[in-house]
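Residue strings, one per chain:
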Amino acid sequence: NLAIIAVALVKFREVVEAPKKNKVNPHLKSKYADLQALIDAITPALSKCKMTFLQDTVTNEKGETGAWTMFLHESGQYVEFNPVFIPNSNKN
């Protein structure tokens, strides 16, 4: 039963503020939010919702590196996401 975490995630969407665009992409001449700005934006909102997140790096059989993410609620309920992998550009 994921009812508790579902309610918390809906509340999170209501209270989270957009991350500050603190970097500039010189190639596209556009502003973007870096990873720290994203973390700074979501952490207080997650806290208000009695939630936190975990992330870790993982490597697959192709040698690609990915990020694994889990959102946890104080109740013990959680949502886990499969890693998103980036192809290894250092292949010889």
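Scope of this entry: the structure provided in the associated data block. Throughout, residues of each chain are indexed from 1 in the direction in which the sequence is written. The predicted nature of this model means local features are confined to residues of pLDDT at least 70 and side-chain atom pairs, given and counted, to a pLDDT of 80 or more, with totals for whole chains, interfaces and linings taken over all residues. In computing side-chain values, all of the structure's heavy atoms are included and hydrogens and water are not.

With that settled, consider the side chain of aspartate 34. Position of aspartate 34 relative to the elements: it lies in the loop between β2 (30-32) and α2 (35-48). Think of it in three bands: residues with accessible area under 20% of the maximum for their type are buried, residues over 50% are exposed, and the middle band is partly exposed, with areas taken using a 1.4 Å probe on protein chains only. Only four residue types enter the charge count: Lys and Arg as positive, Asp and Glu as negative, with His and the chain ends excluded. A side-chain nitrogen of Lys or Arg and a carboxyl oxygen of Asp or Glu constitute a salt bridge if their distance falls within 4 Å. There is no salt bridge for the buried aspartate 34, and the closest opposite charge comes from lysine 23, which lies 4.1 Å off by N-O distance. Pairs of N or O atoms within 3.5 Å make up the polar contacts considered here, provided that, within protein, one atom can donate a hydrogen while the other can accept it, and that residues adjacent in sequence are counted only when both atoms are side-chain atoms. Within polar-contact distance, the side chain of aspartate 34 engages the side chain of asparagine 22 at 3.1 Å. Setting aside residues up to four positions removed in sequence, aspartate 34 forms contacts with Asn22 and Lys23. Put simply, DSSP marks the helices as runs of H or I at least four residues long and the strands as runs of E at least two long, and each gets a number from the N terminus on. Whether two residues are in contact is decided by their heavy atoms: any pair within 4.5 Å suffices.

In this section: the environment of glycine 66. Mapped onto the fold, glycine 66 is located in strand β4 (residues 65-73). Along the chain, glycine 66 and isoleucine 42 lie 24 residues apart, while their C-alpha atoms are 21 Å from each other. Sequence-distant contacts of glycine 66, that is, excluding residues within four places in its chain, are made with Asp56, Thr57, Val58, Val84 and Phe85.

Another point: the nonpolar core. Ile5, Ala8, Phe12, Ala45, Leu46, Cys49, Met51, Phe53 and Phe71 together form the largest nonpolar core, which totals nine residues. The set of elements that each furnish at least two residues to this core consists of α1 (3-15), α2 and β3 (51-59). Here this core takes three residues from α1, the largest share from any one element. Beyond its immediate sequence surroundings of up to four residues, cysteine 49 is in contact with Ala8, Lys11, Phe12, Val15 and His73. Nonpolar cores are built from buried Ala, Val, Leu, Ile, Met, Phe, Trp, Tyr and Cys residues. Side-chain atoms within 4.5 Å join them into one set.

Whenever strands of a sheet pair, they do so through backbone hydrogen bonds, lying parallel or antiparallel. Here a strand pair is declared whenever DSSP counts at least two bridges between the two strands. Ordered by their spatial adjacency, three strands build an open sheet running β3-β4-β5, and the pairing between neighbours is antiparallel. Strand pairing shows two members of the sheet lacking a second neighbour, β3 and β5 (78-86), which therefore form its edges. Neighbour-to-neighbour, the strand axes of the sheet open up by a mean angle of 15°, direction not taken into account. Two strands pair when backbone bridges link them, and β3 and β4 are joined in this way by nine bridges, in the antiparallel orientation. Residue pairing for β4: threonine 59 is matched across the bridge by threonine 65. With axes taken as lines fitted to C-alpha atoms, and helix axes fitted only over the stretch in contact, angles between N-to-C directions fall between 0 and 180 degrees.

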